[in-house]
Amino acid sequence: MLYEKLAQLYKSLSSTTKRLEKTEILSEFLKETPKEESEIIHLIQGNIYPDYDQRKLGISEQLAIKSISKSFGTTPEKVTQEWKKVGDIGEVAKNLCKTKKQTTLFGSISLTTTKVLDNLQKIPELIGNGTESHKLGIITELLIYAKPIEAKFITRTLIGDMRIGVQESTIKHAILKAFFEGNKDYEPIIQRAIDRTNDLSKIFQISKDEKIEELEKIKLEVGSPIRAMLAAKVSSVEEALKQMGSPLAAEYKYDGFRMLIHKKEGEVTLFTRSLENVTKQFPEIEEYVKEFVKGDSFILDAETIGYDKITKEYTDFQAISQRIRRKHKIEEVMNKLPVELAVFDILFYNGESQIEKPFKERTELVRKIITPHPFKIIPSHMIISSDAEEIKRFYKKALADNQEGLMLKTLDAEYNPGRRVGQMVKLKPEDRDLDLVIIGGEWGTGKRSGWISSYTLACKKDDKYLAVGKVGTGISEKEESGKLTLEQLTNLLKPLIKKEDGKDIEIEPKIIVSVTYQDLQKSTTYKSGYALRFPRITNLREDKPLSEIATQKEIEKAFVGQRVKGIKFG
Ligand code: ATP
């Protein structure tokens, strides 16, 4: 397919904010997309491989700027200046391309989607010396042949900012409409197929034949990451029993981070909940799983928890979060920050999917195949009970053990990958915390100069990020054990700066933080309509994908909740 056709699709998609219109536009496009070109779906998602694939473009802004300046015969300074003015590097590339095209001879060759993908897919393979000039060559080869509208979207793809407002669900609905006449009964079948593969290009390819039974046949595959099931909230044991029935399984809600563990043909792979492969970072877990879990092939769902080497007390998530990113001197950090794996679910075992089976059977299987070795690997702490008082005692024990609270689970429920479900709920004493994304900030002054020292936080509404307030506390100025520092956070945010205006900065939404707050107020200042009072950053959430930050609806619910509890604001 000509890349120009895809560029026109991007343009039409960004011209409307209405979901139905987007679905309609996309479904027409998918009808015309050949089955063999299913990788176009990755491009629509702003990617070059499925979401979970580790091979990312990873183009720095500097390299994008250099590529544009080289391709269109201008200076990097001019590109930077224009970007600051216009606020969209794609638009800058488009404008420069228009001017350049009047004097160039290249216009006659047409780019195809295959050529664009071929070039872009070469980029993640490049490592080591001289890579930057190689990458530059690959990108400029595309840009010099591009038409202005193509230059715009190639550039946006490079920096991972498509601005077309297409989410996974938009593509799902477009597939349903294009190949199954929009039959609503088929939607859960497509969703299940997505949950099992996490690869929309595969789903598109199969759907092209319009045979729903082929989608139904899709099975979980060990080795390709599966999204974790998420939990809803309750505020008391009684509420859980009333809502979910009894008896219930009550488990510790560990204060660590989620890990999905795949084993196949003797090989173990570890994924975080954002589907990142972290096997290299946790060699000891790989070893525990090989040694203490029976079975040839399986997928386990578990929490990795830190503990103090000397006192053997559990530590919090923040203490071990640096291990997720740490790619060097692994031995050193492994000894300093040891972890235990608590396994609480199983999705696949020896050739057989387990997710359709009731939780009770799955948890029994977990207990059967794991030989517990405390401080290495254990099945989760669990009781099964109908007695509210007994569950409350267990809750107290979990808190005394430095854990966050309890997870309460219905015994006969299936496993729903990627869904927030009512058959698994969490109970924690402090629910005044939210996971939000940083979308802006301010350069500090005085002692804090050189650092971004105040951060604008946002929640999500569909594919928009809406501000809910600013936070400047919770981050230390100096190194303290395990605490996030201003310098670390500034370094993470700097490459994501989109626009600067004096002290004010606009930041690409990527960095997620957990924030506690005293209460919520109605607000006309912030786009979400709410403002956090006295917020404080408690954690950097490098384990969490953007799709799982707090939604505007959740904030609204928390606001209503606090009013019900008698605190009236706004
Ligand atoms: P929170 O911010 O409250 O930790 P969250 O937003 O990270 O929650 P939720 O889906 O709301 O995620 O809560 C479930 C998380 O709790 C899981 O992702 C998992 O990492 C963790 N967890 C700890 N112990 C358990 C357990 N026994 N069963 C299931 N999940 C557990």
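Residues numbered from 1 in each chain as written. Predicted model: local features only at pLDDT ≥ 70, side-chain atom pairs only at ≥ 80, totals over all residues. Heavy atoms only, no water.

Description of the domain arrangement of the protein
Here's step 1: Parsing the protein into structural domains produces domain 1 (47–159), domain 2 (230–427) and domain 3 (433–564).
Here's step 2: Here the C-alpha centre of domain 2 lies 43 Å away from the C-alpha centre of domain 1. (Domains from an automatic or database assignment.)

Considerations on helix H1 (residues 3–14)
Here's step 1: For H1, built from twelve residues, the straight-helix expectation of 16 Å at 1.5 Å per residue is met to within 8% by its first-to-last C-alpha distance of 17 Å.
Here's step 2: Listing the buried residues of H1 in full gives Tyr3, Leu6, Ala7, Leu9, Tyr10 and Leu13. Taken end-on, H1 shows its buried residues confined to a sector of 155°, consistent with a single buried face.
Here's step 3: Tucked inside the fold, the buried residues of H1 contact helix H2 (19–32), helix H3 (40–44), helix H7 (113–122) and helix H9 (148–159). (Helix = DSSP H or I, 4+ residues; strand = E, 2+ residues; numbered from the N terminus. Expected span 1.5 Å × (residues − 1). Buried < 20%, exposed > 50% of the residue type's maximum accessible area, 1.4 Å probe, protein only. Arc of directions from axis to C-beta. Contact = heavy atoms within 4.5 Å.)

Side note on the pairing of strand E9 (residues 382–385)
Here's step 1: Side chains of E9 alternate between two faces, with Ile383 and Ser385 buried and Met382 and Ile384 left unburied.
Here's step 2: As judged from the four bridges shared by strand E2 (residues 248–253) and E9, these two strands associate in the antiparallel manner. Each residue of the ladder has a partner; that of Ala249, found in E9, is Ile384. (Pairing = 2+ DSSP bridges.)

Considering the packing of aromatic side chains
Here's step 1: One pass over the structure, following the stated rule, counts eleven aromatic pairs.
Here's step 2: Relative to Phe282, the ring of Phe257 lies with its centre 5.6 Å away and its plane at 50°, an arrangement referred to as tilted. Taken together, the positions of Phe257 in strand E3 (residues 257–264) and Phe282 in the loop between strand E4 (267–271) and helix H15 (283–292) put the pair 25 residues apart, joining distant regions of the chain. Across the pair, exposure class does not vary: Phe257 and Phe282 are buried alike.
Here's step 3: Here the aromatic residues Tyr252, Tyr254 and Phe394 are joined through ring pairs into a cluster of three or more.
Here's step 4: Sitting above the plane of the Phe375 ring, Lys312 keeps its charged end 5.5 Å from the centroid. (Phe/Tyr/Trp six-rings, centres within 6.5 Å; stacked < 30°, edge-to-face > 60°. Lys NZ or Arg CZ within 6 Å of the ring centre and 35° of its normal.)

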